[in-house]
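# Observations on the three-dimensional arrangement
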Amino acid sequence: ATLTRAELKRMMPSALAPDDSASLARVLIRRWIDEQLVDRVAAQEVDLEEIDRLTAEYRRQLIMTQYRHEMSQKESDAMFVPDSVRAYFDAHKDDFVLERPLVKGVYLKVPDDSKSLALLRRLYKSEKEGDTDRLEKEAPKASIHYDYFRDRWVDLEQIETRIPVAFGEREMQALSSHHSLDISGGGFVYLLDIDDYLPAGSPMPYEAAEPLVRKRLLTLRRLDYDKRLRNALYAAGVENGTVVYPNQNPLK
């Protein structure tokens, strides 16, 4: 094989300075030589039929991937209609079980010398509307961390990592009983009030399961795309004569 000057020029970008052009040309020539040597060794040592088979299989997978993408663009509105996601979840609730506990509540990390500590200790456990509004106003000013999640489920592990104590049996019992935790250490006070608690092994609430349901529906849709593509290609092949399937027993 020979790399011609014309081929080399086609590989070069335009508008390069002479020194840069020379340097890049040397790099491209060396890359071309390496590729030729690899091909020569491969022809002697590697099963090229297997390479061809893998290349053909990879090409088919690329076609499938592109087809899925185009179909998903056309049908994206129908793919994730909220009612259909909820309907699938309702029909398959047993498939969605919590691996870790979920909680709803309030979490604060407050300096132990904060002038607002006593007030926050009273407010964070209260569910009165006025107290909640005042907590929303006071907590961001006095706290290092403040997270209000009474209206959404949160992975308990996210909260545990913020509190510098091991969550043993006593702490877990407090959580499962919807109690509050008030823990001091390292110059801070950690306040955690739990409104609701779901232990590991419980059925997932819809809010937590929804991303998993969507992922499963997407997988099912992709399998459907693959089947439809294969059937469409087969039907087209039969119609244009590319595919000829015998009517009689093909083994006879």
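Look above for the structure.
## Some thoughts on the side chain of S202
The residue S202 is located in the loop between β4 (188–198) and α9 (206–240) in this model. Setting aside anything within four residues of it in sequence, one finds S202 in contact with V97 and L98.

## A word on helix α6 (residues 129–142)
For α6, spanning 14 residues, the distance from its first C-alpha to its last is 20 Å, which sits close to the expected 20 Å at 1.5 Å a residue. By the largest-angle criterion, E136 marks the main kink of α6, which is about 25°, and a proline, P140, follows within four residues. Restricting attention to buried positions, one finds in α6 the residues D131, T132, L135, E138, A139 and A142. Tucked into the core, α6 has its buried residues touching β1 (102–111), α5 (117–123) and β2 (145–155).

## A look at helix α2 (residues 18–45)
The terminal C-alpha atoms of α2, which comprises 28 residues, lie 40 Å apart, in line with the 40 Å expected from a rise of 1.5 Å per residue. Among all positions in α2, only A25, L28, W32 and A42 are buried.

## A short note on a nonpolar patch on the surface
Together, V46, L48, I51 and L54 line one region of the surface with nonpolar side chains, adding up to about 300 Å² of accessible area. Looking at the element boundaries, L54 is found in helix α3 (residues 48–79).

## Considerations on the pattern of salt bridges
Taken as a whole, this structure holds 16 salt bridges when the rule is applied. Ionic pairing is found between R122 and D131, a salt bridge with its closest N-O pair at 3.7 Å. With a relative accessible area of 15%, D131 lands in the buried category. Residues R162 and D147 are paired through a salt bridge, measuring 3.7 Å at the closest nitrogen-oxygen approach. Taken together, the residues span a long stretch of sequence, with R162 in the loop between α7 (156–160) and α8 (169–176) and D147 in strand β2 at a distance of 15 residues. Judged by its relative accessible area of 31%, R162 is partly exposed. One network of salt bridges, with partners in common, ties together R100, D155 and E157.

## A word on the environment of A25
Note that A25 resides in helix α2. As a C-alpha pair, A25 and K9 span 16 residues in sequence and 8.5 Å in three-dimensional space. Those residues within four positions of A25 in sequence are excluded, and the remaining contacts are L8 and M12.

Here is what the cut-offs are and how they apply
Residues numbered from 1 in each chain as written. Predicted model: local features only at pLDDT ≥ 70, side-chain atom pairs only at ≥ 80, totals over all residues. Heavy atoms only, no water. Helix = DSSP H or I, 4+ residues; strand = E, 2+ residues; numbered from the N terminus. Contact = heavy atoms within 4.5 Å. Expected span 1.5 Å × (residues − 1). Bend = angle between axes of the 7 residues up to and from the residue. Buried < 20%, exposed > 50% of the residue type's maximum accessible area, 1.4 Å probe, protein only. Patch = residues over 30% accessible without salt bridge, like charges linked within 9 Å, V, L, I, M, F, W, Y side chains within 5 Å. Areas by Shrake-Rupley, 256 points an atom, 1.4 Å probe, with all protein chains shown as cover. Salt bridge = Lys/Arg side-chain N within 4 Å of Asp/Glu carboxyl O.

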